[in-house]
Amino acid sequence: MGTREKGKHPPLRLPQGRRPRVLLLGNGLNRVYGGASWAGLLEKINRTDYTLEQIKGIPLPMQAVLLSRDHVDESLKDLRQELTQCELHPWLDRQLKKLLAMPFDCILTPNFTYELECAMDPDFLKVPYRNRRCRRHTAAVKQSEKRFMLHTYYDLPLAHGPTPLFHIHGEARKPDSVILGHYFYGTLLFSYDNYLTKRAPEQFYRLDRGRGELLSWLDYFILGDVYTLGFGFDTAEIDLWWLLCRKKRERANHGELYFFEPFRKIYEVKRGLLEAYNVRCESLDTAEPDDEGYRIFYEKAIREIGRRLEPEAAPE
């Protein structure tokens, strides 16, 4: 896993001659074989008499506020030991290893848990201080952040080279960093705007061609070609919808966002909204899948992403 961080970390730089390749990986793959779900998390933090059926009409972040009686952070501290366990289903382990073998320049995940790290290193959460040895931060901050983790990442020593992994909505080992509740979403969004206003005040990244230093995962998201898998882009994710709009408005050369999800009639309006932000929706001719259909879809999507990144060496 590398050595404990000491001194200044090597800068993250734009790849030579191309845009950054970015994976945005959500919780969908975990759900194929019964992994942790949003509903399951809500049930565990519920301190009220409300049922999930009663609250389903309010936005997801506010569901957590209501059920925890606005003590989301305390509820997550109670669950820290459970959320920092990682036993991967063999199918999930295989799919994650295929993704980790692809030449991504950066990996983003809104998940609080550590499936990706454990697919790379099964002892990531078992050996004391193992995770600290690959924790890094960019030159934008003096030390790893405790809450809004715009500049803090894990440096994954993958076969194709070191790759930063950002937990964009926080991580379970640091419950105070987890973004749940509209107050924290709003504050997080403010931090995005504050950083980007300083970084590119006129929505124009002033980076030397091929030599620009990347100081935040926001740089990767806006400048890179982003491949989104297993993340539904629920409309409650206001920070990422704002970033989609910011990416679209960027006047410097920036990448595309590819949204891989089977077509479902119930989400047709959401897909229309994504396309309004210039997102390329990729259903791979899959519609209205059942549980088995999702497994097949994810396998197909992973092969397709691999083909686009390395046409000559797509994973089987």
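Presented here is an overview of the structure given in this document. Just so it is clear, the structure is predicted and the values come from calculations on it, not from any experiment.

Focus: the overall build of the protein
Helices and strands together make up the secondary structure of the protein, namely 13 helices and 10 strands. In terms of overall dimensions, the protein is globule-like: its C-alpha atoms have a radius of gyration of 19 Å, near the 20 Å expected for 316 residues. C-alpha extents for the protein along the principal axes are approximately 55 × 45 × 40 Å. Taken over 316 residues, the protein has a buried fraction of 53%. Summarising the internal contacts of the protein: among those between residues at least 6 apart in sequence, 68% fall at separations of at least 24. Total accessible area on the protein is roughly 15,600 Å²; 48% of this is exposed by carbon and sulfur atoms.

So, unusual backbone geometry
For Asp-70, which is not a glycine, the phi torsion comes out positive at approximately 60°. If you trace the backbone, Asp-70 turns up in the loop between helix H4 (60–67) and helix H5 (72–78). Its relative accessible area of 53% is what places Asp-70 among the exposed residues. The backbone of Glu-288 sits at a positive phi, close to 45°, despite the residue not being glycine.

Section: the pattern of salt bridges
The tally for this structure, following the rule as stated, stands at 17 salt bridges. A salt bridge links Glu-53 to Lys-56, with the nearest nitrogen and oxygen atoms 2.7 Å apart. Each member of the pair, Glu-53 together with Lys-56, is exposed. Several salt bridges converge on common partners, so that one network encompasses Glu-282, Glu-304, Arg-307 and Arg-308.

Things to note about the state of the cysteines
Summed over the entire model, instances satisfying the criterion amount to zero disulfides. With no disulfide of its own, Cys-245 has Cys-281 as its nearest cysteine by sulfur position, at a separation of 16 Å. Of the residues examined, Cys-281 reaches a relative accessible area of 17% and is grouped as buried.

A few points about the packing of helix H9 (residues 182–199) against helix H11 (residues 238–249)
A packed helix pair is summarised by two numbers, namely the angle formed by the two axes and the spacing between the axes. It is the contact of H9 with H11, at a shortest axis distance of 9 Å, that shows an interaxial angle of 25°. The pairing of H9 with H11 is recorded here as roughly parallel in orientation. Residues Tyr-185, Leu-188, Leu-189, Tyr-192, Asp-193 and Leu-196 of H9 pack against Ile-238, Asp-239, Trp-242, Leu-243 and Arg-246 of H11. Grouping the constituent residues of the contact of H9 with H11 by class yields eight nonpolar, no polar and three charged.

What counts, and where the lines are drawn
Residues numbered from 1 in each chain as written. Predicted model: local features only at pLDDT ≥ 70, side-chain atom pairs only at ≥ 80, totals over all residues. Heavy atoms only, no water. Helix = DSSP H or I, 4+ residues; strand = E, 2+ residues; numbered from the N terminus. Rg over C-alpha atoms; globule rule 2.2 N^0.38 Å. Buried < 20%, exposed > 50% of the residue type's maximum accessible area, 1.4 Å probe, protein only. Contact = heavy atoms within 4.5 Å. Areas by Shrake-Rupley, 256 points an atom, 1.4 Å probe, with all protein chains shown as cover. Salt bridge = Lys/Arg side-chain N within 4 Å of Asp/Glu carboxyl O. Disulfide = S-S within 2.5 Å. Axes fitted to C-alpha atoms, helices over the stretch in contact; angles between N-to-C directions. Parallel < 35°, antiparallel > 145°, perpendicular 65-115°, else oblique. Nonpolar A, V, L, I, M, F, W, Y, C, P; charged D, E, K, R; others polar.

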